[in-house]
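Listed below, chain by chain, are the residues.
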Amino acid sequence: MAQTFEYPSFYHLPPFYTLQEVIATKQKQIGLWQEFTIRYCKANKIQRISVNDCDKIPIFHNDTIQRKLSPIFIREILDSLAKIGNAKWLDETKTTAIITWRTIPDWANFLSQYVTDKQMKNTPHTLNDFLNREISADPGFVGMDQSLFLEVLQYMKGKGTCVLMEGPEGKLMGFKFV
Amino acid sequence: MFGLSVPRFDPKTQALELEENERRVFTVDSVYISEDKKSYDKANNFKVILTSSRVVFVREDELNRSLSLYIDMIIDYLFKQKAFSKSYIQVTHTLVSGSNATLFIHQKSKGLNELSEKLKEEKLRRAKALAASQASTTIPDEPTKFEFKGGKSLSAQQAEDHLKSVVAGSFDDIDSLMQGARELLGLAQDYTRVLSRNLDTSQISQSEKEDYLVFANELGIDSAVTRESAGTDYEKELSREFATLMFPILERSGGTMTLVDAYATYNRARGINLISPDDLIKCTKLFPSLNISLRVSSLKSGVSVVHLLSHGEEQMKEKTLAYLRTKKETGFGYSILDVAAHLNISSVLAKQYLLSCEENNLICRDEVSDTTLFYPNFFLNKADLALLTS
């Protein structure tokens with residue numbers, strides 16, 4: 001899965017899996033985890049992490065040294081990612097977050113560029129057009145987490161570069177870029 | 001075998017070193033002692049010296065195998081004079097451990113009879129003396145005086161008299177206790193002397209010697225400094241006494257201990273002349289001015305410790321960190337108990353030093369189910385990261 005993925009040297013040091021108590025050390029530790037998590041998610045196309053996903057995500061547990069992250073620790077990491085724009089909580093209770101190795105503004109720019117290049121502006125599209133159909137030009141959207149894509153659209157709507165067409169009960173029917 | 005002290009006998013002058021208030025009563029040559037009433041080994045040839053408090057068995061050829069048996073430890077003895085075989089005295093006595101033992105004194109020629117008679121006299125005399133001393137310490141046992149009899153109450157004068165006698169009796173108790181303590185101390189000192197003589201012949205290893213001397217030190221302070229004995233120099237004298245006692249103890253126990261532990265150790269050594277915590281704090285403040293190389297300092301957590309000059313908080317933290325950087329068979333990561341054992345300090349202190357190191361970003365932690373292991377802080381120190389991943 002991650003053949004080319006390079007594990008950091010502290011991956012095998014047990015204290016890496018214990019949330020440090022002293023502030024300076026903890027900041028450094030969280031920083032390392034941020035970089036590590038983003039890099040891993042990018043390499044493995046992971047876009048959604050729940051605090052209970054310790055067992056699902058290989059970097060969150062190390063069986064060799066028998067250490068794993070606690071849900072509290074994972075929440076700390078996701079929270080810190082959210083602060084720098086690389087994650088967004090999907091719920092108030094901070095259980096699940098979408099991971100954006102490209103931040104949402106980056107995604108918005110990327111998307112704008114894409115639709116401009118493909119001359120797809122001003123025509124309505126559905127989510128399926130972007131997420132399920134194979135777009136050979138850029139596989140970046142295919143399989144993208146829907147909630148992340150919606151976040152990007154919402155962001156673009158805020159910028160005035162996207163119009164959302166909502167059906168009854170507020171369900172998104174389609175959208176077009178302007 | 002019998003008493004703790006080995007008697008000191010000079011074969012040239014035939015003089016026996018006597019204890020206080022002890023006098024020599026009678027001497028018999030060439031007796032044999034055994035634990036069997038019928039047989040004995042002729043090699044066990046002793047000279048018996050009876051004194052007012054001991055029966056001393058001297059071996060002139062092997063003085064260090066000489067023994068002394070305190071008369072007070074003899075429970076019973078029996079003189080058997082046999083017409084056709086040798087006579088013997090059967091002595092039943094207590095051992096230091098509290099159990100009883102029997103030994104037999106044999107002799108070919110006469111003399112046992114006289115020894116038996118003299119022993120009887122001395123034992124009787126000791127018993128009388130003991131009874132007399134006990135009688136003097138017994139509290140007058142007449143509480144009935146305080147009861148109301150026939151409606152008559154006790155007069156104030158009588159009550160006061162009774163009180164005085166009770167008070168006097170109480171202090172008699174303490175006197176006899178102190179007497180006992182002095183004897184015990186004498187015994188310990190005797191033992192130290194014996195040991196120091198044996199040391200010259202180097203039969204005892206250096207570590208045993210050190211162990212014993214520290215043990216002897218912990219037995220107590222011979223004449224503790226008191227306000228009465230030291231007067232205005234009380235605190236200075238106390239300071240010196242504290243340093244004298246604690247220095248070897250600290251040197252053995254990692255160079256540092258909590259002030260509370262030191263207070264307990266010191267007061268235990270003082271026996272009954274306890275000092276207050278306040279006195280201790282005052283006397284520890286004098287260390288620098290008296291050029292005593294001990295210091296008391298407070299750790300960040302507020303715990304006060306007393307330590308050798310070379311074992312301050314910074315030094316202890318350095319030692320802790322250096323230890324965490326040593327690799328063991330199973331890799332790195334040490335618990336509080338590991339550090340306490342390595343530095344030979346209490347786990348309370350080891351924890352303090354570890355937390356202090358952590359606070360200074362020198363080390364980090366690894367929490368496993370039931371324990372916390374500490375590692376050098378590789379998050380912030382690249383050299384430690386290289387060390388741990390090498």
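Residues numbered from 1 in each chain as written. Chains lettered and ligands numbered in written order. Predicted model: local features only at pLDDT ≥ 70, side-chain atom pairs only at ≥ 80, totals over all residues. Heavy atoms only, no water.

## Points about the overall build of chain B
Right, on to step 1. Helix and strand content of chain B: eleven helices and 14 strands.
Right, on to step 2. Residue burial in chain B is summarised as follows: out of 390 residues, 38% are buried.
Right, on to step 3. Within chain B, contacts between residues at least 6 apart in sequence are counted, and of these 52% link residues at least 24 apart.
Right, on to step 4. Put simply, chain B shows about 22400 Å² of open surface, and 53% of that area lies on carbon and sulfur atoms. (Helix = DSSP H or I, 4+ residues; strand = E, 2+ residues; numbered from the N terminus. Buried < 20%, exposed > 50% of the residue type's maximum accessible area, 1.4 Å probe, protein only. Contact = heavy atoms within 4.5 Å. Areas by Shrake-Rupley, 256 points an atom, 1.4 Å probe, with all protein chains shown as cover.)

## Examining the sheet that holds strand β9 (residues 100–107) of chain B
All names here are of chain B.
Right, on to step 1. On the basis of which strands lie adjacent, the open sheet formed by seven strands has the order β6-β5-β4-β3-β9-β8-β7 and antiparallel pairing. A strand with exactly one partner marks an edge of an open sheet, and here the two such strands are β6 (67–70) and β7 (74–80). Direction aside, the axes of adjacent strands within the sheet are offset by 30 degrees on average. (Pairing = 2+ DSSP bridges. Axes fitted to C-alpha atoms, helices over the stretch in contact; angles between N-to-C directions.)

## Here we look at the interface of chain B and chain A
Right, on to step 1. Each partner contributes to the interface: chain B provides 17 residues, whereas chain A provides 16 residues.
Right, on to step 2. Counting each side, the surface lost to burial between chain B and chain A is near 1500 Å², with a carbon and sulfur contribution of 66%.
Right, on to step 3. The interface formed by chain B and chain A includes two salt bridges.
Right, on to step 4. Across the salt bridge formed by R67 of chain A and D366 of chain B, the nearest N and O atoms sit 2.7 Å from each other. (Buried area = accessible area lost by both parts, 1.4 Å probe. Salt bridge = Lys/Arg side-chain N within 4 Å of Asp/Glu carboxyl O.)

## Some words on unusual backbone geometry
Right, on to step 1. Even without being glycine, N122 of chain A reaches a positive phi, approximately 65 degrees.
Right, on to step 2. Turning to its location among the elements, N122 of chain A is positioned in the loop between α3 (104–117) and α4 (127–131).
Right, on to step 3. The phi angle at N344 of chain B is positive, at roughly 60 degrees, despite the residue not being glycine.
Right, on to step 4. Tracing the backbone shows N344 of chain B in the loop between α9 (336–343) and α10 (347–359).

## Some points on the pairing of strand β3 (residues 24–34) of chain B
Right, on to step 1. Pairing between β3 of chain B and strand β4 (residues 45–51) of chain B: six bridges, direction antiparallel. The residue of β4 of chain B that forms the bridge with T27 of chain B is I49 of chain B.

## Describing α9 of chain B
All names here are of chain B.
Right, on to step 1. Listed in full, the buried residues belonging to α9 are V339, A340 and L343. Looking straight down α9, one finds its buried side chains confined to an arc of 100 degrees; they lie on one side. Opposite its buried face, α9 presents the exposed residues L337 and A341, each directed more than 90 degrees away.
Right, on to step 2. Positive backbone phi, at 60 degrees, marks N344, one or two positions downstream of α9. (Arc of directions from axis to C-beta.)

## Digging into the environment of Y191 of chain B
Right, on to step 1. If you trace the backbone, Y191 of chain B turns up in helix α2 (residues 156–200).
Right, on to step 2. Along the backbone, Y191 of chain B and V6 of chain B are 185 residues apart, and their C-alpha atoms lie at a distance of 8.5 Å.

Function cannot be inferred from these measures alone, as they are strictly geometric.
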